Amino acid sequence: MFTNVIVKTPCKAVTEGITSAPELGKPDYEKALQQHRRYIEALKQCGVTVTVLPADETFPDSCFVEDTAVLTERCAVISNPGAPTRARETEAMIPVIKQFYPEECIEFITAPGTMEGGDVMMVGDTFYIGRSARTNAEGIRQFSEILGKYGYQVVEVPLEKVLHLKTGVNYLEHGHMLVSGEFTGKEEFAPYHRHEIPEAEAYAANCIWVNEKVLVPEGYPTVERIVREMGYEVILVDTSEFRKIDGGLSCLSLRFKAMK
């Protein structure tokens, strides 16, 4: 169960965030703020304490805090983002994470290794990590070495098409996993009950489990039905403005059980 969540308010520069889908247009700043506030309220419905960090105009993509760290029950790993414009986002996160973890349990991915939290999916004591344009072999090696010290296992998953691992596969606990696109046939996920998402709703494969409730992107009825049929209470959240800059539900928060 999670006790805490960290989010970061979108900045005005969010309209200039990195995108692979310029045809969707630029985010509307005021609408993005409204959606972010509703996202926070949805998280609070799941019984967690939400820490809201102020906007940082230096980094257009900084609302996507998931990429800055991986927070486990035994340690925190500060990432080293692979996108050059995001590389220094972690600096502001370190003092925040120190509020929840003792310094001796805070680890770092360092150059030439790169890693973004969107490429990491926790399944019990196993962490799947995508080898992507943002997370390289050296970053995976360091991550595996770090987590090994704390009794965790790391499994590498090569990516072919998507930006991050959790763009197309997300674990919803109790053996349930949402999969889309290139992940539907990956043998790494054969042990789980895989629920295949149709291509038309592939964006909504990025749902998040928070204390037996599941946040689902608004506007994707097939995914909503699949998650409800698993027996979960569904909370719908509109993330349409963040989709325009390659962001989803998981990207907007760090969800964890604090050590302190």
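The structure we're discussing is the one just above.
Conventions and cut-offs
- Residues numbered from 1 in each chain as written.
- Predicted model: local features only at pLDDT ≥ 70, side-chain atom pairs only at ≥ 80, totals over all residues.
- Heavy atoms only, no water.
- Phe/Tyr/Trp six-rings, centres within 6.5 Å; stacked < 30°, edge-to-face > 60°.
- Helix = DSSP H or I, 4+ residues; strand = E, 2+ residues; numbered from the N terminus.
- Buried < 20%, exposed > 50% of the residue type's maximum accessible area, 1.4 Å probe, protein only.
- Pairing = 2+ DSSP bridges.
- Axes fitted to C-alpha atoms, helices over the stretch in contact; angles between N-to-C directions.
- Contact = heavy atoms within 4.5 Å.
- Core = buried A, V, L, I, M, F, W, Y, C linked by side-chain atoms within 4.5 Å.
- Salt bridge = Lys/Arg side-chain N within 4 Å of Asp/Glu carboxyl O.

(A) Here's a closer look at the packing of aromatic side chains. Enumeration over the complete set of coordinates arrives at eleven aromatic pairs. An angle of 40 degrees between the planes, with centres 5.8 Å apart, marks the rings of Tyr 203 and Tyr 220 as tilted. One end of the pair, Tyr 203, is in the loop between strand E11 (193-196) and strand E12 (208-210); the other, Tyr 220, is in the loop between strand E13 (213-217) and helix H5 (221-229), and 17 residues separate them in sequence. Comparing Tyr 203 with Tyr 220, the two get one shared label, buried.

(B) Spatial organisation of the sheet that holds strand E7 (residues 126-131). Taken together, the three strands give an open sheet; going across it, the order is E6-E7-E8, and neighbouring strands pair in mixed fashion. Either end of the sheet is taken by a strand with one partner, and the two such strands are strand E6 (120-123) and strand E8 (153-158). Across the sheet, the axes of successive neighbouring strands diverge by a mean angle of 25 degrees, strand direction being ignored. Looking at chain direction, E6 and E7 are connected through four bridges and run antiparallel. Paired with Val 123 across the strands is Thr 126, a residue of E7. Sheet strands in contact with helix H3 (residues 137-149) are E6, E7 and E8, and its direction is about 170 degrees off that of E7.

(C) Structural context of the nonpolar core. Grouped together as the largest cluster of nonpolar side chains are 41 residues, with contacts concentrated most on Tyr 39, Leu 43, Leu 172, Leu 178, Leu 215, Val 223 and Val 227. Secondary-structure elements contributing two or more residues to this core are strand E1 (4-8), helix H1 (29-44), E12, E13, H5 and strand E14 (233-237). Looking at this core, the element that brings in the most residues is H1, giving five residues. In contact with Leu 43, not counting residues within four places along its chain, are Val 5, Val 7, Val 48, Val 50, Ile 208, Val 210, Leu 215 and Ser 253. Judged by nonpolar contacts, the second largest core, of 16 residues, contains Leu 53, Ile 78, Ile 97 and Leu 254.

(D) Expanded view of the sheet that holds strand E10 (residues 176-179). Spatially, the three strands line up as an open sheet ordered E9-E10-E11, and their pairing is mixed. This sheet does not close on itself; its edge strands, each paired only once, are strand E9 (169-171) and E11. With strand direction ignored, the average angle separating the axes of adjacent strands in the sheet is 25 degrees. As defined by bridge partners, E9 adjoins E10 across three bridges and the pair is classed as antiparallel. Residue Tyr 171 lies in a different strand from E10, and its bridge partner there is Met 177.

(E) Inspection of the pattern of salt bridges at higher detail. Inspection of the entire model under this criterion finds 19 salt bridges. Between Arg 134 and Glu 116 there is a salt bridge, with its nearest N and O atoms 3.0 Å apart. Pair noted here: Arg 134 is in the loop between E7 and H3 and Glu 116 is in the loop between strand E5 (106-108) and E6, with a separation of 18 residues, a long-range link. The exposure classification of Arg 134 matches that of Glu 116, with both residues buried. When the shortest N-O distance is used, the salt bridge between Arg 225 and Glu 229 registers 3.3 Å. Highlighted residues: Arg 225 and Glu 229, both in helix H5, separated by four residues, approximately one helical turn. Taking the relative accessible area as the measure of exposure, Glu 229 reaches 58% and is therefore exposed. Overlapping salt bridges, with partners in common, bring together Lys 31, Glu 241 and Lys 244 in one network.

Worth remembering: the numbers are spatial, not functional.
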